[in-house]
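# Descriptive structure summary
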Amino acid sequence: MASPPLAVLHAEAAPVMDLLTVPQVMARLQLSRSAVHDLLRSGQLASITLGRARRIPTHALTDFIRTRLEQEAA
């Protein structure tokens, strides 16, 4: 039996980081574009910039939601 190609092994070892666009975050949070940009500008929601494109890692969105839930519970 042949072993899987090295690229397949590497892809399984490294977690895939999904990146969301601002419209995708708008839809998930049901917020306006300006509200999402306010969260990004204030640093409450982490993002990266690739050229002129702004992308939000899915883990950053999850962390933001978790933090807000903890604040609401306190």
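First, a word on what this report is: a plain description of the structure on this page. Predicted, not measured: the structure shown is a model, and the values here were computed from it. (Residues numbered from 1 in each chain as written. Predicted model: local features only at pLDDT ≥ 70, side-chain atom pairs only at ≥ 80, totals over all residues. Heavy atoms only, no water.)

## Points about helix α3 (residues 33-42)
Residues Val36, Leu39 and Leu40 constitute the buried set of α3. Considered in projection along α3, the buried side chains sweep an arc of 100° and stay on one side of the axis. Tucked inside the fold, the buried residues of α3 contact α2 (22-29), β3 (53-57) and α4 (58-73). A positive phi of about 85° marks Gly43, the residue just after α3. (Buried < 20%, exposed > 50% of the residue type's maximum accessible area, 1.4 Å probe, protein only. Helix = DSSP H or I, 4+ residues; strand = E, 2+ residues; numbered from the N terminus. Arc of directions from axis to C-beta. Contact = heavy atoms within 4.5 Å.)

## Some points on the nonpolar core
The biggest cluster of nonpolar side chains holds twelve residues, and these are Leu20, Val22, Val25, Met26, Val36, Leu39, Leu40, Leu45, Ile56, Ala60, Leu61 and Phe64. At the level of elements, α2, α3 and α4 are the ones that each hand at least two residues to this core. If we skip the residues at most four places from it in the chain, Ile56 touches Asp18, Leu19, Leu20, Thr21, Val22, Val25, Leu40, Leu45, Ala46, Ser47 and Leu61. (Core = buried A, V, L, I, M, F, W, Y, C linked by side-chain atoms within 4.5 Å.)

## Thoughts on the pairing of β3
Summarising the sheet, strand β1 (residues 19-20) and β3 pair through two bridges and their orientation is antiparallel. Bridging across to β3, Leu19 finds its partner in Pro57. Both strand β2 (residues 48-50) and β3 contribute to a ladder of three bridges, which runs antiparallel. Opposite Thr49, over in β3, you have Arg54 as the bridge partner. Connecting the antiparallel pair β2 and β3 is a turn made up of two residues, with Gly51 showing a positive phi of about 70°. (Pairing = 2+ DSSP bridges.)

In short, the description is geometric, and any link to function would need to be established separately.
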